Amino acid sequence: MADQDPARGAPTPMSFNRLGPFYRLQRRLGLLTDADLAAGRRGVLFIALAWLPAIALALVQRYALNADHALLLLFDFSAYAFAIAIGAFVLMEQSSDRRMATLVGQFTARGIVRESSREGIAQARLSMERRTGSGWAELAILVLAYLISYTWLSQSAGRIEGGTWFGHSVEGVLQPTLAGWWVLLVSLPLYWFLLGRWLWRFVTWGLLLHDIAKCDLRLVATHPDRCGGLAFIGQYPKTYMLFVFAESTVISATVLKLVVHGGASLMSFKFALLGMLAFFAIAFVLPLFVFAPVLVELKRKGLAYYGALASQHNLAFEAKWRPDGKAGSEGSESGEGLLGEPDASSLADLAAGYELVKNMLAVPVTKESVAPLILAALVPMVCVAATQMPFKDIIGAVKGLILL
């Protein structure tokens, strides 16, 4: 699944992360190259850029270490969560590029794409890259990142009487500390910008799948994956495991902050956290519904074809092997005449084929597709729960969720 680069005469692999103004800026600064995204190094650098200056400025104004832990940066669980999320967003770039390209390439490698659809698949890929690398999209995400950062800090400061390490609210207007200014201008916008870029890529991925689903695909109703041969694409949610872990970390840390410093009950957030799990599961399955019309139609035709074929075969089988039939009547009652006969085998094969079609899924997704996402979301939640509940109770609750 690669286009030819006319300048080099070599295939150019599909990429979700080597696109857009932010990528080009990092390349000019020497943070990465076209051949190496250097995700680990950039992740550490971005975390340091976001939070080390904030810690230094908080130390200057004594908002890093003093007796009032509820007001300190170093005791703010959300700050650590944002740092972890920034690192996770950068780290997933390396693996996601390879995985997404491999998954899309499977449409060609498995012979699912007909020759007449090769051009359509290539155009779908180009459209995806054009959308993903849009400068206007990144500009909009950047503006939203600053707006959300200011709103987030203003509302957080307004909920704490006397203010906190990043500032206080005066008649609804945020008055940042030195550390608060850095968080407002750098730390939080970086987090929201990276989050927004991944959400935008998620949208462009969904549009890519929509464009592919409209192509003429060669699917097999009796494929053992019960998805006509499309089950592989249902594994794409695994690409977003770090994303889900990052967002669950931020949400869980916010809950822990309210429990420890705000006196809230952990159980009061039970349904909110369960809702988060359900949201992640549903959100990452939704793009796969673009294949539902194709698979439903394939199943309908498959049942009609294999149903008719099985009826014809079974009628012929009965005519040959039933006790009152002319052919094969001798020994038919004891079944001895069937030994070694291909008729019985073909009867079983047709029945198995019909069952495969009957059990086809309307959407190429299984429990194995979303289970890794649920586990990634559960890890931070379990860590938070462990501070307030016996570990055996937590394990029991997690088992119950996994067995759903």
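Everything here concerns the structure above.
First, a word on scope: everything that follows refers to the structure included in this document. (Residues numbered from 1 in each chain as written. Predicted model: local features only at pLDDT ≥ 70, side-chain atom pairs only at ≥ 80, totals over all residues. Heavy atoms only, no water.)

## Overview of the overall build of the protein chain
For the protein chain, the helix and strand inventory stands at 12 helices and four strands. In the protein chain, which comprises 404 residues, the share counted as buried stands at 44%. In the protein chain, once contacts between residues fewer than 6 apart in sequence are set aside, the share between residues at least 24 apart is 77%. Surface accessibility of the protein chain: about 20600 Å² in total, with carbon and sulfur atoms responsible for 65%. (Helix = DSSP H or I, 4+ residues; strand = E, 2+ residues; numbered from the N terminus. Buried < 20%, exposed > 50% of the residue type's maximum accessible area, 1.4 Å probe, protein only. Contact = heavy atoms within 4.5 Å. Areas by Shrake-Rupley, 256 points an atom, 1.4 Å probe, with all protein chains shown as cover.)

## Observations concerning the pairing of strand β4 (residues 173-176)
Here β4 shows a buried face lined by Leu174 and Pro176 and an unburied face lined by Val173 and Gln175. Sheet topology note: the strand β3 (residues 167-170)/β4 ladder contains four bridges and is antiparallel. In the sheet register, valine 170 faces β4, and the bridge partner there is valine 173. (Pairing = 2+ DSSP bridges.)

## Description of the environment of proline 53
Take proline 53: it is sitting in helix α2 (residues 39-60). Placed 125 residues apart in sequence, proline 53 and leucine 178 show a C-alpha to C-alpha distance of 9.8 Å. Excluding its chain neighbours within four sequence positions, the residues that come into contact with proline 53 are Ala48 and Trp182.

## Topic: the nonpolar core
Trp51, Tyr240 and Phe291 are the most contacted members of the largest nonpolar core, which has 95 residues in total. The dominant element in this core, judged by the number of residues it contributes, is helix α6 (residues 178-213), at 17 residues. Setting aside chain neighbours within four positions, we find phenylalanine 291 in contact with Phe107, Leu209, Ile212, Ala213, Leu217, Leu230, Ile233, Ala362 and Pro364. (Core = buried A, V, L, I, M, F, W, Y, C linked by side-chain atoms within 4.5 Å.)

## What about a nonpolar patch on the surface?
Taken together, the side chains of Trp136, Leu139, Leu142, Val143, Leu144, Tyr146, Leu147, Ile148, Trp181 and Leu185 define a hydrophobic patch exposed on the protein surface, amounting to about 1000 Å² of accessible area. If you tally residues by element for the nonpolar patch, the top one is helix α5 (residues 135-158), at eight residues. Among the secondary structure elements, tryptophan 136 is positioned in helix α5. (Patch = residues over 30% accessible without salt bridge, like charges linked within 9 Å, V, L, I, M, F, W, Y side chains within 5 Å. Salt bridge = Lys/Arg side-chain N within 4 Å of Asp/Glu carboxyl O.)

## Looking at the side chain of serine 248
Structurally, serine 248 is set in helix α7 (residues 241-262). Side-chain polar atoms of serine 248 contact the backbone oxygen of alanine 377, separated by 2.6 Å. If near-sequence neighbours (up to four positions away) are discounted, serine 248 is found in contact with Met276, Ala377, Pro380 and Met381. (Polar contact = N/O pair within 3.5 Å; in protein donor to acceptor, adjacent residues only side chain to side chain.)

## Side note on the packing of helix α8 (residues 270-285) against helix α11 (residues 367-386)
Orientation of α8 relative to α11, taken along the N-to-C sense of each, is 150°, at an axis distance of 10 Å. Taken together, the axes of α8 and α11 lie roughly antiparallel to each other. Where α8 crosses over α11, the two elements pack in a sense that is right-handed. Across the interface between the two elements, Leu273, Met276, Leu277, Phe280, Ala281, Phe284 and Val285 from α8 touch Val370, Leu373, Ile374, Ala377, Leu378 and Met381 from α11. In terms of residue class, the contact of α8 with α11 is built from 13 nonpolar, no polar and no charged. (Axes fitted to C-alpha atoms, helices over the stretch in contact; angles between N-to-C directions. Parallel < 35°, antiparallel > 145°, perpendicular 65-115°, else oblique. Left-handed = near helix turned anticlockwise from the far one by under 90°. Nonpolar A, V, L, I, M, F, W, Y, C, P; charged D, E, K, R; others polar.)

## A word on helix α1 (residues 21-28)
Taken together, the buried positions of α1 are occupied by Phe22, Tyr23 and Gln26. Considered in projection along α1, the buried side chains sweep an arc of 100° and stay on one side of the axis. (Arc of directions from axis to C-beta.)

## So, the pattern of salt bridges
Inspection of every chain in the model, using the stated rule, returns 10 salt bridges. Where arginine 42 meets glutamate 93, a salt bridge forms, and the shortest distance between an N and an O atom there is 2.6 Å. Here glutamate 93 lies in helix α3 (residues 77-109) and arginine 42 lies in helix α2, a separation of 51 residues in the sequence. Since its relative accessible area comes to 1%, arginine 42 is described here as buried. Measuring nitrogen to oxygen at the nearest pair gives 3.3 Å for the salt bridge that ties glutamate 138 to arginine 197. A residue pair is termed long-range when its members are at least 10 positions apart, and glutamate 138 in helix α5 and arginine 197 in helix α6 qualify at 59 residues. A residue is classified by how much of its surface remains accessible, and glutamate 138, at 7% relative accessible area, is buried.

## Points about the packing of helix α4 (residues 118-132) against α6
What describes two packed helices is the angle between their axes and the distance between those same axes. Look at α4 against α6: their axes get within 9 Å of each other, and the N-to-C directions meet at 165°. On the basis of the axis angle, α4 is roughly antiparallel to α6. Here α4 and α6 pass one another in a crossing that is right-handed. Residue-level inspection shows Ile121, Ala124, Arg125, Ser127, Met128, Arg131 and Thr132 of α4 in contact with α6, the latter providing Trp200, Arg201, Thr204, Leu207, Leu208, Asp211 and Ile212. The class makeup of the residues in the contact of α4 with α6 is seven nonpolar, three polar and four charged.

Read these as layout, nothing more, since geometry by itself doesn't imply function.
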